[in-house]
Amino acid sequence: MQANFELLKEMKKRVMASSACVDSLISVPSDSERFRNLLELSLRQQETACIEMRRLYDMVKKPESRMQKPADGNITEVFGKISVTPEGWVHIKLNFLLPHCRMTGATQYVSDSILRLINGTEAAGIKLPFFRKAFVAILEFSPREASDVFDHDNKGYKAVQNALKGRLFPDDDCFEMSLGLFTEQRKESCCHIYVLPDDETGIFTDMRLSGELG
């Protein structure tokens, strides 16, 4: 009980800090550096609070019977969904773009979201493939103005690798996983993650270029 109380206090502090940042944003020019910094701080606090709230919910929810396997084989949450494609690849869609790698709370949110989708799938009795040598393709759809993280090395893609290693492939070293980062300009903003056998990378490339993905 005391642990729950302390966690609730921590969540309240984060929500209040985020709210204070939002209040300050109202009087700050939207094209200023201060506006961006305040927005980033508010986002970090909200995402960290969200993770803490998820954990508290897991602690206090009633014991449930084994999750029923969805008819379509897809596990869907507010933040994204996971499925196995007809090709036998794992497809994870996150309903947000990858954050800047500097944003610790945001990259933790990415990892937590992916792990929850994988855990939910296993709890539903759906077996996900495990690839000895995997190709991980991260494909973002976004209008140009929706994100200021344009350089691949600034994107928090490592959070994706860290969440997937040991679950869909052995490790994220260069001998057991290959990585591809792609971005397409579209009206929607989301992130598609495909995990497939490394020797089927050519098939994935052909499908991406022909617009068959997403």
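Look up a bit, the structure's there.
Calculation notes
Residues numbered from 1 in each chain as written. Predicted model: local features only at pLDDT ≥ 70, side-chain atom pairs only at ≥ 80, totals over all residues. Heavy atoms only, no water. Core = buried A, V, L, I, M, F, W, Y, C linked by side-chain atoms within 4.5 Å. Buried < 20%, exposed > 50% of the residue type's maximum accessible area, 1.4 Å probe, protein only. Helix = DSSP H or I, 4+ residues; strand = E, 2+ residues; numbered from the N terminus. Contact = heavy atoms within 4.5 Å. Polar contact = N/O pair within 3.5 Å; in protein donor to acceptor, adjacent residues only side chain to side chain. Salt bridge = Lys/Arg side-chain N within 4 Å of Asp/Glu carboxyl O.

## Description of the nonpolar core
Reasoning step 1: Among the nonpolar cores identified, the biggest contains 32 residues, and Ile 92, Leu 94, Ile 114, Leu 164, Ile 193 and Val 195 are the most heavily contacted of them.
Reasoning step 2: Those elements giving two or more residues to this core turn out to be strand E3 (90-94), helix H3 (104-123), strand E4 (134-142), helix H4 (158-164) and strand E6 (190-197).
Reasoning step 3: At 5 residues, H3 tops the list of elements feeding residues into this core.
Reasoning step 4: The contacts of Leu 94, once residues within four sequence positions are left out, are Phe 79, Gly 80, Val 110, Ser 113, Ile 114, Leu 117, Cys 190, Cys 191 and Ile 193.
Reasoning step 5: Listed in part, the 12 residues of the second largest apolar core include Trp 89, Phe 141, Tyr 194 and Phe 204.

## Quick look at the side chain of Thr 85
Reasoning step 1: Mapping Thr 85 onto the fold places it in the loop between strand E2 (80-84) and E3.
Reasoning step 2: At 2.9 Å, the side chain of Thr 85 forms a polar contact with the side chain of Glu 87.

## Some points on the pattern of salt bridges
Any two side chains of opposite charge can pair, on the condition that their charged atoms come close.
Reasoning step 1: Within this structure, the stated rule accounts for 12 salt bridges.
Reasoning step 2: We note a salt bridge from Glu 33 to Arg 36, for which the minimum N-O separation is 2.8 Å. Placement of both Glu 33 and Arg 36 in helix H2 (residues 33-60) is noted, with a separation of 3 residues, approximately one turn of the helix.
Reasoning step 3: Across the pair Glu 122 and Arg 167 runs a salt bridge whose closest N-O atoms are separated by 3.0 Å. Highlighted residues: Glu 122 in helix H3 and Arg 167 in the loop between H4 and strand E5 (177-185), separated in sequence by 45 residues.
Reasoning step 4: Note on Glu 122: relative accessible area 39%, which makes it partly exposed.
Reasoning step 5: Salt bridges linked by common partners bring Glu 10, Lys 13, Arg 14 and Glu 52 together as one network.

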